[in-house]
Amino acid sequence: MKRYLAIFIFLFTIVETHAQLFTKEHVKYGVKLDEKRWSWGYFLGFNVYDFNFDYKSYDDNPYRGQDLQVERNIGFNVGLLGNLKLHKNIDLRLQPGVNFNSRSFKPAGYSSSETYREIRSTYVHIPLLLKISTNRVNNFKPFIEGGFSYSINLASNEDSPDDNSNGQFRMTTHNYYYELGIGIDFYLYYFKFSPSIRGVFGLNDELVRDNNPNSIYTGNVAKMTSNAVFINFTFQ
């Protein structure tokens, strides 16, 4: 039943969007929303997080371990939007949210399940983005956005005394990123709907090293950052 309801809502949205965007009458919706200096909304979406490893050279670590193989999974985003209009085509946006995701990895060449690590993460993610839009065409308006973000990894285990020798992978709690994305504002009768896709690129080293300097998990790594792709659907 839920599946059929979801399909119905999706098809209804497609038909309604087509009718409102491409009607010959060219009725413009959401004009007052465009004129507001402050506006609010919320978003739902999906994410895919990945690890990016920079490895030590042989000269730095002649006993270096194997490279790490990462398996990515699809996660979920939910959050709020605060929008400040700076200009007709420029907005400053604060989008605090919570991201849920899991990743897993193991050292290449190791087949034992004991070397497999699944990393479940819950991020409080706070991006500050500058949105630059084109001029509105009927009831849609493409845009690009970019900026910086800060996140708190609630499942980092940074202060845990246990490391990978006890099956515990540790990461930093506080992390920083830069973000770039594109999207389209669709003006519907009651609200503005904005799908977007955004790349998120880590700036700081997120790896907490194991106590053993020759660990197969961390001894080989010079720097580890998180990269991600967000697909969000914003309602404003």
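Above: the structure in question.
Along each chain, residues carry numbers from 1 onward, in the same order as the chain's sequence is written. Note on the predicted model: pLDDT of at least 70 is required for a residue's local features to be given, and 80 or more for side-chain atom pairs to be given and counted; whole-chain, interface and lining totals, by contrast, use all residues. Note that water and hydrogens are dropped before the side-chain values are worked out from all heavy atoms of the structure.

Enquirer: Would you explain the pairing of strand β9 (residues 192-202) in this entry?
Expert: Put simply, side chains in a regular strand alternate between the two faces of the sheet. Each residue is placed in one exposure class: buried if its accessible area under a 1.4 Å probe, protein chains only, is under 20% of its type's maximum, exposed if it is over 50%, and partly exposed if it falls in between. Helix and strand assignments follow DSSP, with helices taken as H or I runs no shorter than four residues and strands as E runs no shorter than two, numbered in order from the N terminus. Where burial is concerned, most of β9 is hidden: eight out of the eleven residues are buried. In this sheet, β9 lies alongside strand β8 (residues 174-187) in antiparallel orientation, the contact comprising nine bridges. When the sheet's bridge partners are listed, Leu180 is paired in β9 with Gly199. With antiparallel pairing between neighbouring strands as the criterion, β8 and β9 make up a hairpin whose turn holds four residues. Pairing between two strands is assigned when DSSP locates at least 2 bridges connecting them. Two strands pair when backbone bridges link them, and β9 and strand β10 (residues 221-235) are joined in this way by nine bridges, in the antiparallel orientation. Opposite Arg198, over in β10, you have Phe230 as the bridge partner.

Enquirer: I tried to follow the packing of aromatic side chains on my own but got confused; where do I start?
Expert: Two aromatic rings from Phe, Tyr or Trp, using only the six-membered ring of Trp, form a pair when their centres are within 6.5 Å; if the ring planes differ by under 30 degrees the pair is stacked, by over 60 it is edge-to-face, and anything between is tilted. Under the criterion given, the structure shown has 17 aromatic pairs. For the pair Phe51 and Phe105, a centre-to-centre distance of 6.0 Å together with 90 degrees between the ring planes defines the contact as edge-to-face. Of the two residues, Phe51 sits in strand β1 (residues 38-55) while Phe105 sits in strand β5 (residues 97-107), which places them 54 residues apart along the sequence. Per residue, the accessibility class of Phe51 equals that of Phe105, and both read buried. Joined through ring pairs, the aromatic side chains of Phe51, Phe53, Tyr55, Phe105, Phe169 and Tyr217 make up one cluster. The side chain of Arg93 reaches across the aromatic face of Phe143, ending 6.0 Å from its centre. Over the face of the ring belonging to Tyr187 we find Arg136, whose NZ or CZ atom lies 3.8 Å from the ring centre. Comment: the charge-over-ring label is applied if NZ (Lys) or CZ (Arg) is within 6 Å of the ring centre and within 35 degrees of the ring normal.

Enquirer: Mind showing me how you'd approach the pattern of salt bridges here?
Expert: Opposite charge on two side chains permits them to pair, given that their charged atoms come into close proximity. Take a side-chain nitrogen of Lys or Arg and a carboxyl oxygen of Asp or Glu: if they are within 4 Å of each other, that pair is a salt bridge. Here the structure, examined in full by the defined rule, presents nine salt bridges. Salt bridges linked by common partners bring Arg93, Glu145, Glu179 and Arg198 together as one network.

Enquirer: Explanation requested: unusual backbone geometry in the structure shown.
Expert: Backbone phi values are negative for most residues with the exception of glycine, while trans is the configuration of most peptide bonds. You will see that Asn138, though not glycine, has its phi angle at about 55 degrees, which is positive. Looking at where Asn138 falls in the secondary structure, it is placed in the loop between β6 (117-133) and β7 (140-153). Relative accessible area serves as the criterion here: at 11%, Asn138 is assigned to the buried category. Its identity as a non-glycine residue notwithstanding, Asn157 has a phi of 60 degrees, on the positive side. Tracing the chain through its elements places Asn157 in the loop between β7 and β8.

Enquirer: Just checking my understanding: could you explain empty space enclosed by the protein for this structure?
Expert: Picture a little ball the size of a water molecule; that probe, rolled over the atoms, points out where space is still empty. Only protein atoms enter the calculation, which uses a 1 Å grid: trapped sets of points that fit a 1.4 Å probe without letting it out are cavities, open sets showing protein on both sides within 12 Å along at least five of seven lines are pockets, and any residue with an atom within 4 Å of a point is a lining residue. Grid points are joined across faces, edges and corners, and a volume is the space filled by probe spheres set on the points. In this structure the tally under the stated criterion is three cavities of 30 Å³ or more. In this structure, the largest cavity occupies an estimated 70 Å³ of space. Along the walls of the largest cavity sit Leu33, Asp34, Ser39, Asn83, Lys85, Asp91, Arg93, Lys131, Lys141, Lys192 and Gln236, which together make up its complete lining. Those elements that place two or more of their residues in the lining of the largest cavity are α2 (31-35), β3 (74-87) and β4 (90-94). Looking at the lining of the largest cavity residue by residue, the classes come out as one nonpolar, three polar and seven charged. Roughly 50 Å³ of internal volume is contained in the second largest cavity. Phe43, Gln95, Gly97, Asn99, His125, Pro127, Arg198, Phe230 and Asn232 together form the lining of the second largest cavity. Put simply, the parts of the chain that give the lining of the second largest cavity at least two residues each are β5, β6 and β10. Three classes are used, and their members are as follows: Ala, Val, Leu, Ile, Met, Phe, Trp, Tyr, Cys and Pro are nonpolar, Asp, Glu, Lys and Arg are charged, and the others, Gly among them, are polar. Residues belonging to the lining of the second largest cavity are distributed by class as follows: three nonpolar, five polar and one charged.

Enquirer: Help me understand the side chain of Lys141 in this model?
Expert: Residue position: Lys141 is located in strand β7. A 3.5 Å cut-off defines polar contacts: any pair of N or O atoms within that distance qualifies, except that in protein one atom must be a possible hydrogen donor and the other a possible acceptor, and neighbouring residues in sequence count only when both atoms are side-chain atoms. Polar contacts involving the side chain of Lys141 include one to the side chain of Tyr187, which spans 3.2 Å. For this analysis, residues touch if any pair of their heavy atoms sits within 4.5 Å. Setting aside residues up to four positions removed in sequence, Lys141 forms contacts with Asp34, Lys88, Ser133, Thr134, Asn135, Arg136, Gly183, Ile184, Asp185 and Tyr187.

Enquirer: What is the right way to read the pairing of β8 from this model?
Expert: Relative to β8, β7 runs antiparallel, the two sharing 13 bridges. Residue pairing in the sheet places Gly147 in a bridge with Glu179 of β8.

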